[in-house]
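# A structural walkthrough
Here's the letter readout for the chains.
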Amino acid sequence: MLKKHNFGAGPCILPPSVMEKAAQAVMNWNGLGLSILEVSHRSPEFEDVVLKTQLLVRELLSVPDNYAVIFMQGGASMQFSMVPMNFLTAEKKGAYLDTGYFALKAIKEAKLFGEVEVIASSKDRDYAHIPDQDYNNQQAAYLHCTSNNTIEGTEIFDFPKNDIPLVCDMSSDIFSRKINVSDFDLIYAGAQKNMGPAGMTLIIAKNEFLSQAKKEVPSMMDYSLFRDNMSMYNTPPVFSIYVAMLNLLWLKDQGGVNGIELQNIEKAKLLYQEIDRNPLFKGTADIEHRSRMNVTFKAIDKEAEVAFFKFAADQGLVGIKGYRTVGGFRASLYNALPLASVEALVNAMAEFEISYSRKNVTETA
Ligand SMILES: *Cc1c(COP(=O)(O)O)cnc(C)c1O
């Protein structure tokens, strides 16, 4: 079994039972005498995997029947281009909520395809909060938001409510909490944070919205074409989809999204409590917008930061370095991270408080 506590932001931890089954399928899939890595994506066995994975997505997120569930490649980053390529027109612009690094990347790409309006931004305070927005402009083709800001550690708990089609990048919190799919027209998510290994992108889109897409887009960027070909217009990421299926089955065993949400709330609460209690650490996001998936915090100074990285690494706590542009710490608490790992981190922080303070007292004495 793996011995490290993996707080990595993505690709991230998957349940050990999923990895075991995936490893088995690499050697001999379902007793077929073939590896999952070498089967035809057109085989009935694999078509069954795609179908099952789609059904699991529908079941776990209560996706309404008038929505399509599509698997593509290119990651969430390709969606940054695909959404505006399909939906921006000469008459209609893209409205964007600027809540951090990935939102800005989406904005940058959209500008290649049409007019973009940033309707609210939290840049003024280093993206430590979700900005208020009150927008209802019928000249907008859609409003784009990022449900969880993976790098800055903020999460949207109140989604914009208006008549504009809502498009959401849910890469880092999909399947971590209940959502009301019908509030959105298009949801996309790179798989590697809560759904499975890297390589596939999930899209959940209202069929009516897809029918408004431009017709003259490349086939590989055509949502309806992928939907109508069961996500197999070209060779799909077979292994990624298979492991995502295993992971969603695991999630179902955890009581589904409702069950995992309770665990995620408990894990985040435990860590934030320690951050707020421990005088050596400080949270970076506003309390009401704190992410349950990516917990960002800082040490009181650079020296304590360096010392804690080493202290934590010695205890097998890995992946807690903040993103390179932000610094400090980021502990990602995705679905598969057990409560025991959060407890290990919290204990390490408390032990560090004692040993580090003692060391500083001795040094200054
Ligand atoms: C990780 C992440 C991305 C980038 O995903 P890729 O699959 O690497 O393109 C985009 N948006 C958010 C919110 C993310 O967390």
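Everything below is about the structure printed above this text.
About the cut-offs
- Along every chain, residues carry numbers that run from 1 in the direction the sequence is written.
- Totals for whole chains, interfaces and linings use all residues, but because this is a predicted model, local features are given only for residues with pLDDT of at least 70 and pairs of side-chain atoms are given and counted only at 80 or more.
- The side-chain numbers reported here are obtained from all heavy atoms of the structure, hydrogens and water having been left aside.
- Helix and strand assignments follow DSSP, with helices taken as H or I runs no shorter than four residues and strands as E runs no shorter than two, numbered in order from the N terminus.
- Pairing of N or O atoms within 3.5 Å defines a polar contact, subject to two protein rules: one partner must be a possible hydrogen donor and the other a possible acceptor, and residues neighboring in sequence count only if both atoms are side-chain atoms.
- Throughout, near means a residue has at least one heavy atom within 4 Å of the molecule or strand.
- All accessible-area figures derive from a Shrake-Rupley calculation using a 1.4 Å probe, and residue coverage is judged against the displayed protein chains alone.
- Under the scheme applied, nonpolar residues are Ala, Val, Leu, Ile, Met, Phe, Trp, Tyr, Cys and Pro; charged residues are Asp, Glu, Lys and Arg; polar residues are all the others, including Gly.
- Axis definition: a line fitted to C-alpha atoms, over the contacting stretch in the case of helices. Angles run 0 to 180 degrees between N-to-C directions.
- Helix crossings fall into two classes, left-handed where the near helix is turned counterclockwise from the far one by less than a right angle and right-handed where it is turned clockwise.
- Only heavy atoms matter for contacts: two residues are in contact if any of them lie within 4.5 Å across the pair.
- Orientation is classified from the angle alone, with under 35 degrees giving roughly parallel, over 145 giving roughly antiparallel, 65 to 115 giving roughly perpendicular, and any other angle giving oblique.
- Cysteine sulfur atoms are paired as a disulfide whenever they come within 2.5 Å of each other.
- Only protein chains enter the calculation, and the probe is 1.4 Å; a residue is then buried if its accessible area is under 20% of its type maximum, exposed if over 50%, and partly exposed in between.
- Buried Ala, Val, Leu, Ile, Met, Phe, Trp, Tyr and Cys residues that are joined via side-chain atoms within 4.5 Å together make up what is termed a nonpolar core.
- Either an automatic procedure or a domain database provided the assignment from which the domain bounds are taken.

## A word on the side chain of Asn 264
Structurally, Asn 264 is set in helix 8 (residues 256-277). There is a polar contact of 3.1 Å between the side chain of Asn 264 and the backbone oxygen of Ser 176.

## A short note on the site of the ligand
Taken together, the neighbourhood of the ligand is formed by 13 residues, with Ser 77, Thr 150, Asp 169, Gln 192 and Lys 193 sitting nearest. Within the contact set of the ligand, an oxygen atom lies 2.4 Å away from a side-chain nitrogen or oxygen of Thr 150. When the ligand is considered free in solution it has 390 Å² of accessible area, and contact with the protein chains removes 86% of it. For the shell around the ligand, the element with the most residues is helix 3 (residues 75-87), which contributes 4 residues. When its residues are assigned to classes, the shell around the ligand shows 3 nonpolar, 8 polar and 2 charged.

## Side note on the packing of helix 1 (residues 16-27) against helix 7 (residues 238-253)
Interaxial distance between helix 1 and helix 7 falls to 9 Å at its minimum, and their mutual angle equals 145°. For the pair helix 1 and helix 7, the crossing hand works out as right-handed. From helix 1, Ser 17, Val 18, Lys 21, Ala 22, Ala 25 and Val 26 reach across to helix 7, where they touch Phe 239, Tyr 242, Val 243, Leu 246, Asn 247 and Trp 250. Its residues assigned to classes, the contact of helix 1 with helix 7 shows 9 nonpolar, 2 polar and 1 charged.

## Details of the packing of helix 3 against helix 4 (residues 101-110)
Axis separation between helix 3 and helix 4 bottoms out at 8 Å; the angle between their running directions is 40°. It follows that helix 3 is oblique to helix 4 by the angle criterion. Here helix 3 and helix 4 pass one another in a crossing that is right-handed. Contacts from Phe 80, Ser 81 and Pro 84 in helix 3 reach Phe 102, Lys 105, Ala 106, Glu 109 and Ala 110 in helix 4. Within the contact of helix 3 with helix 4, the residues separate by chemical class into 5 nonpolar, 1 polar and 2 charged.

## Let's talk about the state of the cysteines
Taken as a whole and judged by the stated rule, the model has 0 disulfides. The thiol of Cys 12 is unpaired, and the distance to the nearest cysteine sulfur, on Cys 168, comes to 18 Å. Looking at Cys 168, it has no disulfide partner, and the nearest cysteine sulfur is the one in Cys 145, 3.7 Å off.

## Description of the environment of Ile 130
With respect to the helices and strands, Ile 130 occurs in the loop between strand 4 (116-121) and strand 5 (140-146). Judged by its relative accessible area of 9%, Ile 130 falls in the buried class. Along the primary structure Ile 130 and Asp 98 are separated by 32 residues, whereas in three dimensions their C-alpha atoms are 8.7 Å apart. When neighbours within four sequence positions are excluded, Ile 130 is seen to be in contact with Thr 99, Asn 149, Thr 154, Glu 155, Ile 156 and His 289.

## Examining the nonpolar core
If you look at the biggest cluster of nonpolar residues, it comprises 88 residues, and the most contacted ones within it are Val 57, Leu 61, Phe 175, Met 195, Ile 204, Leu 271 and Phe 308. Counting residues per element, this core draws most heavily on helix 7, at 10 residues. Per-domain counts for this core show at least three residues from each of domain 1 (16-253) and domain 2 (256-364). Beyond its immediate stretch of four places on either side in the chain, Ile 204 contacts Val 57, Leu 61, Val 63, Tyr 67, Ala 68, Ile 174, Val 181, Asp 185, Leu 186 and Ile 187. Grouped together as the second largest cluster of nonpolar side chains are 29 residues, Ile 70, Met 72, Met 85 and Val 167 included.

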